[in-house]
Amino acid sequence: MAKPASRQELIDYCLRKLGAPVLEINVAEEQLDDLVDDALQFFNERHFDGVEKMFLKYKLTADDLERGKSKGENNNLDVEITTASSNIGTFEWEENSNFIQVPDAVIGIERVFKLDNRTIASNMFNVNYQLFLNDIYWFSSTELVNYYVTKRYLEDIDWILNPEKQIRFNKRQNRLYIDTTWEKFNVDDYLIVECYRILNPSDFTKVYNDSFLKTYLTSLIKKQWGQNLIKFQGVKLPGGVELNGRQIYDDAMKELQAIEDKMMITYELPPLDLIGWYVKSIFYPRDFWGARSYTRPYKWAVKNVWDRSILSSQKNYQ
């Protein structure tokens, strides 16, 4: 069907795009399964529709606090020791286990929200409460600008005295390291994590009908088909037909390159977006960028930085 809603329907759709059942697509079922997994992984890790922003909460346990507070004394099992040797002796490096295991579906973590231990208290004696009580007893009693500036000032003080937690996360480990003073935590405290989680196609079947995924998987199958036929290059079949696996493979490689370039420019969240904006503001005048949308141009700018073509092309727009 034209709108696949399952794994097998997606495979059948791609095979039909390549000519089946009129042509025999020489790709094994095991290879098709591997290609679907590769396409879904690429889609989840690179396409903005392959993930969803989530706010997950985790309740801290006594074991979490014990691991976070471990100092390495008395051969504590919560501390990992790595040994390095040289001609002058042996060196021991200690690393505590101040991490929380994250679900496999989470592929990126942006931040961990602060707990409610703010320097500016959150009760009736805090600055916010007194500001409302004394200055904003009716709506027109004070200027909104003054209120906004005061709030920003208080937030700046809180940010300096109670900074954000430093975190580390790597998808291949599924570990969220929290580099902070664990003594401030208590058992049953909650951590609120802002993260990105992949869309499971088994739960959200519309993933199988994504236009990018269908096109990308079709080209992957075409590449595998050509690779399987390369070893028969030059062999003539009855009737004088000759298999040209090399041509199929080369065409698929060109298609994949074009698809991945489009992914980077159109569908992917841009890496190093601040650098993209910086380059945009230096090399291009404001009116040039004003004629374009804000989402795609700075992705395009980042791409051209890596291609090193922006330096030679910027003079055309001055």
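In this text, all values refer to a predicted model and were calculated from it rather than measured experimentally.

Chemist: Explain the overall build of the protein chain here, please?
Modeler: Helix and strand content of the protein chain: 11 helices and 8 strands. In the protein chain, buried positions account for 33% of the 318 residues. Contacts spanning at least 24 positions in sequence make up 71% of the contacts within the protein chain whose residues lie at least 6 apart. Summed over all atoms, the accessible surface of the protein chain reaches about 20700 Å², with 54% contributed by carbon and sulfur.

Chemist: Even after reading the chapter, I still don't get helix 1 (residues 7-17), so can you show me in this structure?
Modeler: Counting along an α-helix, one turn takes 3.6 residues, and residues three or four places apart therefore face a common direction. Of the residues making up helix 1, those classed as buried are Leu-10, Ile-11, Tyr-13, Cys-14 and Leu-15. Check the buried side of helix 1 and you find it contacts helix 2 (29-46) and helix 6 (211-229). Remark: Gly-19 follows helix 1 within two positions and exhibits a positive phi of approximately 120°.

Chemist: Honestly, the environment of Ala-84 in this entry has me stumped. Any pointers?
Modeler: Residue placement: Ala-84 occurs in strand 2 (residues 79-86). In contact with Ala-84, other than residues within four places in its own chain, are Gly-89, Thr-90, Phe-91 and Trp-93.

Chemist: Would you take a moment to explain a nonpolar patch on the surface for this structure?
Modeler: Together, Phe-232, Val-235, Leu-237 and Val-241 make up an exposed nonpolar region whose accessible area comes to about 310 Å². By the element assignment, Val-235 lies in the loop between helix 6 and helix 7 (245-267). The exposure class of Val-235 is partly exposed, given its relative accessible area of 41%.

Chemist: Just checking my understanding: could you explain the packing of helix 1 against helix 2 for this structure?
Modeler: Two quantities define a packed helix pair, namely the angle between the helix axes and the distance between the axes. Interaxial distance between helix 1 and helix 2 falls to 11 Å at its minimum, and their mutual angle equals 100°. Of the possible angle classes, the one that applies to helix 1 and helix 2 is roughly perpendicular. For the pair formed by helix 1 and helix 2, the contact residues are Arg-7, Ile-11 and Leu-15 on the first element and Leu-32, Asp-33, Val-36, Asp-37 and Leu-40 on the second. Of the residues belonging to the contact of helix 1 with helix 2, the class tally is 5 nonpolar, no polar and 3 charged.

Chemist: Explain the sheet that holds strand 8 (residues 190-198) to me, please; I cannot follow it from the model alone.
Modeler: Pairing between the strands of a sheet comes from backbone hydrogen bonds, and it takes one of two forms, parallel or antiparallel. As summarised here, the arrangement of the 3 strands in space is 1-8-5, forming an open sheet in which the pairing is antiparallel. Of all the strands in the sheet, just strand 1 (51-59) and strand 5 (106-112) have a single pairing partner and so form its edges. Averaged over all pairs of adjacent strands, the angle between their axes in this sheet comes to 30°, without regard to strand direction. Bridge count between strand 5 and strand 8: 5 bridges; the pairing is antiparallel.

Chemist: Please clarify how the packing of aromatic side chains should be interpreted in this entry.
Modeler: Think of a pair of aromatic rings as described by two things: how far the centres are apart, and how the planes are tilted against each other in angle. Scanning the model with the defined rule gives 8 aromatic pairs in all. Plain terms: the ring middles of Phe-42 and Phe-212 are 6.2 Å apart, the flat faces sit at 20° to each other, and that makes the pair stacked. Note that Phe-42 is positioned in helix 2 and Phe-212 in helix 6, a separation of 170 residues in sequence. Ring geometry for Phe-48 and Tyr-267: centres 6.3 Å apart, planes at 45°, overall tilted. Of this pair, Phe-48 sits in the loop between helix 2 and strand 1 while Tyr-267 is found in helix 7, placing the two residues 219 residues apart along the sequence. Relative accessible area serves as the criterion here: at 35%, Phe-48 is assigned to the partly exposed category. Its relative accessible area of 19% is what places Tyr-267 among the buried residues.

Chemist: Sorry, what's going on with the sheet that holds strand 7 (residues 175-179) here?
Modeler: Here 3 strands make up an open sheet; going across it, the order is 4-7-6 and the pairing antiparallel. Lying at the two open borders of the sheet, with one neighbouring strand each, are strand 4 (99-101) and strand 6 (166-170). Strand after strand, the sheet turns through a mean of 20° between neighbouring axes, direction not considered.

Chemist: Can you help me understand the packing of helix 2 against helix 6 in this one?
Modeler: Relative orientation of the contacting elements helix 2 and helix 6 amounts to 140°, with a least axis distance of 10 Å. By the angle class used here, helix 2 and helix 6 are oblique. Handedness of the helix 2/helix 6 crossing: right-handed. Residue-level inspection shows Gln-31, Leu-32, Leu-35, Val-36, Ala-39, Leu-40, Phe-42 and Phe-43 of helix 2 in contact with helix 6, the latter providing Phe-212, Leu-213, Tyr-216, Leu-217, Leu-220, Ile-221, Gln-224 and Asn-228. Considering only residue class, the contact of helix 2 with helix 6 consists of 13 nonpolar, 3 polar and no charged.

Chemist: Is there a simple way to explain the nonpolar core in this structure?
Modeler: Most often, soluble globular proteins keep nonpolar side chains buried together rather than apart. Counting 31 residues, the largest nonpolar core has Ile-25, Phe-212, Leu-213, Tyr-216, Leu-217 and Ile-221 as the members making the most contacts within it. Mapped onto this core, the elements with two or more residues apiece are helix 1, helix 2, helix 6 and helix 7. With 8 residues, the single largest contributor to this core is helix 6. Ignoring any residue separated from it by four or fewer positions in sequence, one finds Ile-221 in contact with Cys-14, Leu-15, Leu-18, Ile-25, Val-27, Leu-32 and Leu-35. Within the second largest apolar cluster, 15 residues are counted, among which are Val-106, Val-112, Trp-182 and Leu-191.

Chemist: I keep staring at the pairing of strand 6 and nothing clicks. Help me out?
Modeler: Residues in a regular strand project their side chains so that they alternate between the two faces of the sheet. As defined by bridge partners, strand 6 adjoins strand 7 across 5 bridges and the pair is classed as antiparallel. Following the sheet pairing, Ile-167 is matched in strand 7 by Ile-178.

Thresholds applied
Residues numbered from 1 in each chain as written. Predicted model: local features only at pLDDT ≥ 70, side-chain atom pairs only at ≥ 80, totals over all residues. Heavy atoms only, no water. Helix = DSSP H or I, 4+ residues; strand = E, 2+ residues; numbered from the N terminus. Buried < 20%, exposed > 50% of the residue type's maximum accessible area, 1.4 Å probe, protein only. Contact = heavy atoms within 4.5 Å. Areas by Shrake-Rupley, 256 points an atom, 1.4 Å probe, with all protein chains shown as cover. Patch = residues over 30% accessible without salt bridge, like charges linked within 9 Å, V, L, I, M, F, W, Y side chains within 5 Å. Salt bridge = Lys/Arg side-chain N within 4 Å of Asp/Glu carboxyl O. Axes fitted to C-alpha atoms, helices over the stretch in contact; angles between N-to-C directions. Parallel < 35°, antiparallel > 145°, perpendicular 65-115°, else oblique. Nonpolar A, V, L, I, M, F, W, Y, C, P; charged D, E, K, R; others polar. Pairing = 2+ DSSP bridges. Phe/Tyr/Trp six-rings, centres within 6.5 Å; stacked < 30°, edge-to-face > 60°. Left-handed = near helix turned anticlockwise from the far one by under 90°. Core = buried A, V, L, I, M, F, W, Y, C linked by side-chain atoms within 4.5 Å.

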